[in-house]
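Chains, contacts and geometry: an overview
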Amino acid sequence: MSEQKKVATRDAYGKALAEFGEQYPNLFVLDADLSKSTKTAIFKEKFPKRHFNCGIAESNMMSTAAGMAAVGKIVFASTFAMFAAGRAFEQVRNSIGYPHLNVKIGATHAGLSVGEDGATHQCCEDIALMRSIPGMTVISPADAIETRAAVLAAIQHDGPVYLRMGRLAVPVVNDTPSYHFELGKGVTLQDGQDVTIVATGLMVAEALRAREMLKADGVSARVLDIHTIKPIDDELLKKAAKETGAVVTAEEHNIIGGLGSAVCESLAENYPTPVVRVGVDDQFGQSGKALQVLEFYGLTAEHIVKAAKEAIQKKK
Amino acid sequence: MDAEKRKFLEKQALEIRKGIVLEIYSAQSGHPGGSLAIADVVSYLYFMEMHVDAQKPEDEKRDRFVLSKGHSVPAVYAALALKGDFPKEWLKEFRKLGSRLQGHPNMRDTPGIDMSTGSLGQGISAACGMALSAKACGDPYRVYTILGDGELEEGQVWEAAMFAAQYKLDNLVAYVDNNGLQIDGKITDVMSPEPITDKYAAFGWHVIEIDGHNFDEIEAAYKEAKTVKGKPTVIVAHSIKGKGISYMENQASWHGKAPNDEEYAQAVKELDAALAKLEAQA
């Protein structure tokens, strides 16, 4: 592929908050001593009176955000995915999820691409945790353009939202005039007949790369960008399963509980179809350069190609 | 406090206690000990201190209340029913399937409840969020919360304590129901949060120590809190778990147990006698 523009979704997140802060004076941002990393510092720069540092105390931050939302604010609470979804899970469930409050959890540094910090910071369980909370919307944008749209959709959505962003700069794949973001609706990036690659987050760019490789082998692959993992786009998945007969999922997350599970659940009930899951195979990560770590754990286009051929083999 | 005012608050507190035993007896489930311990402060908050109007439950400028020790919600439901937020008949449906009075408070189910709580340690943080929001927007309302002394064993309580001091939340008043008992026994035997007053002072709070069953001291404490600028206030109140029902007082075993028919009759008899005695006062 030609030279692609790369932007980290966390950068787009910080910029989007600063952009929409103008239009939404009711928007407040909390962070837990990571504002330079989560990029909420960009918002803070512009709206210092609407950004509050909660210190290294994520549990308190989540319940505090709930209290602010209970009196009518739209609150973005940001930290790394590990601490947002992991450490503060119960606060998110009980203080935010149960009363269905308008808190948007801006979780950055999700997945293995955290890189050098290693397993303690590489959260590959957050999608599973967050989608198990009743009423929680879970969004995992593929690139900077989708992130900006997702932030706006989260602001306009009444209720809790979990937004999953990454540390690593990733290719911009949705830079098209026809791009349209709708909560709960997947994006068909490329059409195809033989197999469907359903991807989320940084694996969407890998899925597109895999499609090119499959094309060279004479295989026509459809690529879906599933930015909203909950509620998942059952109709789009069913249509793709029906038309291509085989599905591969690709995510930077444990294959247990994440996108792969969500797709399997949807298809098993709506249109049983062979599925092969690409993702973290129920393992902890380790330190290393982000791209090396992703390669080591099999999160690349090459692995998607292999999985696609396997899925096609499984067709009756 | 003048005699008439005190008599009124004492009457409301006795009615709240009657509501508490009715709820828990009807449900055959719930937490009488801690609920009875806070009946007096709940009476003071709802009938004297807070600007809350049952006719205008959604008023954005109303004072906010968060019951951080959510299991003591029978006291709050009883007060809300007395105040007129919902019919008293609802109290008999407490903890039953389909009821609007959940076992722990839920803001989406019950009129007059400002925050869903029950998982200990989280309500105080939510109260901080409300107080911070009021400060950030220049809103005049104040935020009130009640914590249990056992609840102070939750680490999140101290995260919130740092936060409230950091952001100078002088519109926040926390009340610690220091009855000294938790499910497994004395707080000092299980996992002591003492010295509670010293801890809060060290965390940068204004600390007031009172008798949680003395309305003069309760009033003086909340009045003092309004004069404090630049820091949050905590009222550490010595109280009696199970207060007002002779056989429940100071018994950890009544933390989370419902009275049987005879015990209920005895509780009502004692509370009615106290009400009659109060009425007989000049």
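Residues numbered from 1 in each chain as written. Chains lettered and ligands numbered in written order. Predicted model: local features only at pLDDT ≥ 70, side-chain atom pairs only at ≥ 80, totals over all residues. Heavy atoms only, no water.

A closer look at the overall build of chain B
Looking only at helices and strands, one finds ten helices and seven strands in chain B. Taken against the 2.2 N^0.38 rule, which gives 19 Å for 282 residues, the C-alpha radius of gyration of chain B at 18 Å falls within 12% of a compact globule. Along the first, second and third principal axes, the C-alpha set of chain B runs to 50 × 45 × 45 Å. Among the 282 residues that make up chain B, the fraction classed as buried is 57%. Of the contacts formed within chain B by residues at least 6 apart in sequence, a portion of 75% connects residues at least 24 apart. For chain B, the exposed area adds up to about 11,000 Å²; of that, 49% sits on carbon and sulfur atoms. In chain B, 32 positive and 42 negative side-chain charges are present, and the distance between their average locations comes to 3 Å. (Helix = DSSP H or I, 4+ residues; strand = E, 2+ residues; numbered from the N terminus. Rg over C-alpha atoms; globule rule 2.2 N^0.38 Å. Buried < 20%, exposed > 50% of the residue type's maximum accessible area, 1.4 Å probe, protein only. Contact = heavy atoms within 4.5 Å. Areas by Shrake-Rupley, 256 points an atom, 1.4 Å probe, with all protein chains shown as cover. Lys, Arg positive; Asp, Glu negative; His and termini not counted. Charge placed at Lys NZ, Arg CZ, Asp CG, Glu CD.)

Regarding empty space enclosed by the protein
Evaluated as defined, the whole model comprises three cavities of 30 Å³ or more. Estimates place the volume of the largest cavity at around 130 Å³. Lining the largest cavity are 14 residues, with A:Met165, A:Gly166, A:Gly201, A:Leu202 and A:Glu252 positioned closest to its centre. Along its surface, the second largest cavity is lined by 14 residues, and B:Val52, B:Arg62, B:Lys83, B:Asp85 and B:Gly112 are the ones closest to its centre. (1 Å grid on protein atoms, 1.4 Å probe; cavity = no way out; pocket = protein on both sides within 12 Å on 5 of 7 lines; lining within 4 Å. Points joined across faces, edges and corners; volume = space filled by probe spheres on them.)

A few points about helix α3 (residues 39-49) of chain B
Think of an α-helix as 3.6 residues a turn; residues three or four steps apart then line up on the same face. Burial of α3(B) is extensive: ten of the eleven residues sit out of reach of the surface. For α3(B), the full list of buried residues reads B:Ala39, B:Asp40, B:Val41, B:Val42, B:Ser43, B:Tyr44, B:Leu45, B:Tyr46, B:Phe47 and B:Glu49.

A few points about the pattern of salt bridges
Side-chain pairing between opposite charges can occur once the charged atoms of the two side chains come close. Scanning all chains against the criterion turns up 26 salt bridges over all chains. Where A:Glu243 meets A:Arg222, a salt bridge forms, and the shortest distance between an N and an O atom there is 2.7 Å. One end of the pair, A:Glu243, is in helix α10 (residues 234-244); the other, A:Arg222, is in strand β11 (residues 221-225), with 21 residues separating them in the sequence. Given a relative accessible area of 41%, A:Glu243 falls into the partly exposed group. Between B:Glu49 and B:Lys226 there is a salt bridge, with its nearest N and O atoms 2.9 Å apart. Highlighted residues: B:Glu49 in helix α3 and B:Lys226 in helix α9 (residues 215-227), separated in sequence by 177 residues. (Salt bridge = Lys/Arg side-chain N within 4 Å of Asp/Glu carboxyl O.)

A word on the environment of A:Thr64
Its place among the elements puts A:Thr64 in helix α4 (residues 58-70). Accessibility expressed as a relative area gives 0% for A:Thr64, which makes it buried. For the pair A:Thr64 and A:Ala77, spaced 13 residues apart in the sequence, the C-alpha separation amounts to 9.2 Å. Residues in contact with A:Thr64, not counting those within four places in the same chain, are A:Leu30, B:Ser125, B:Ala126, B:Cys128, B:Gly129 and B:Phe163. Of the polar contacts made by the side chain of A:Thr64, one reaches the backbone oxygen of B:Ser125; its length is 3.3 Å. (Polar contact = N/O pair within 3.5 Å; in protein donor to acceptor, adjacent residues only side chain to side chain.)

Observations regarding the interface of chain B and chain A
Opposite the 26 residues of chain B that make contact, chain A presents 24 residues. Between chain B and chain A, the buried area comes to about 2,000 Å², and carbon and sulfur atoms account for 58% of it. Considering only the surface of chain B that becomes buried against chain A, B:Gln122, B:Glu159 and B:Phe163 emerge as the three largest contributors, covering 24% of it. Scanning the region where chain B abuts chain A turns up zero salt bridges. For the interface between chain B and chain A, the tally reads 14 residue pairs in polar contact (both at pLDDT 80 or more). Sorting the residues of the side of chain B that touches chain A by element identifies α5 (122-137) and α6 (155-166) of chain B as the ones contributing at least two each. Among the elements that make up the side of chain B that touches chain A, the one with the highest residue count is α5(B) (ten residues). Residues of the side of chain B that touches chain A, tallied by class, amount to twelve nonpolar, nine polar and five charged. (Buried area = accessible area lost by both parts, 1.4 Å probe. Nonpolar A, V, L, I, M, F, W, Y, C, P; charged D, E, K, R; others polar.)

Notes on the domain arrangement of chain A
All names here are of chain A. Split by domain assignment, chain A resolves into domain 1 (7-172) and domain 2 (187-313). Averaged C-alpha coordinates put domain 1 and domain 2 at centres separated by 25 Å. Of the residues lining the interface, 31 residues belong to domain 1; the matching set on domain 2 comes to 36 residues. Between domain 1 and domain 2, roughly 2,400 Å² of surface is buried when both sides are summed, and carbon and sulfur atoms account for 56% of that area. The tally of links from domain 1 across to domain 2 stands at two salt bridges. A salt bridge links Glu-265 to Arg-131; the nearest nitrogen and oxygen atoms lie 2.8 Å apart. Our count for the contact surface shared by domain 1 and domain 2 stands at 21 residue pairs in polar contact (both at pLDDT 80 or more). If you list the elements that add at least two residues to the side of domain 1 that touches domain 2, you get α7 (126-131), β6 (137-139) and β8 (169-171). (Domains from an automatic or database assignment.)

Here we look at the pairing of strand β3 (residues 172-178) of chain B
Residues and elements named next belong to chain B. Burial within β3 is extensive, with seven of its seven residues counted as buried. Side chains Leu-172, Ala-174, Val-176 and Asn-178 of β3 all project onto a buried face; the interleaved residues Val-173, Tyr-175 and Asp-177 project onto the opposite face, where all are buried too. Judged from the six bridges that link them, strand β2 (residues 143-148) and β3 form a sheet pairing that is parallel. Across the sheet, the residue bridging to Tyr-144 is Val-173, located in β3. In this fold, the crossover linking β2 to β3 by way of α6 has right-handed handedness. Note that β3 and strand β7 (residues 233-238) share six bridges and pair parallel. (Pairing = 2+ DSSP bridges. Right-handed = clockwise from strand over helix to strand, strands pointing away.)

Description of unusual backbone geometry
In this structure, A:Pro231 follows A:Lys230 across a cis peptide bond, with omega equal to 0°. Here the amide bond leading from B:Glu194 into B:Pro195 is cis, since omega sits at -5°, within 30 degrees of zero. Topologically, B:Pro195 is positioned in the loop between α7 (187-190) and α8 (196-202). Although it is not a glycine, A:His100 sits at a positive phi angle of roughly 50°. If you trace the backbone, A:His100 turns up in the loop between α6 (89-97) and β5 (103-108). Given a relative accessible area of 32%, A:His100 falls into the partly exposed group. A positive phi is found at A:His109, a non-glycine position, where the angle reads about 60°. Secondary-structure assignment places A:His109 in the loop between β5 and α7. You can call A:His109 buried: its relative accessible area is 4%.

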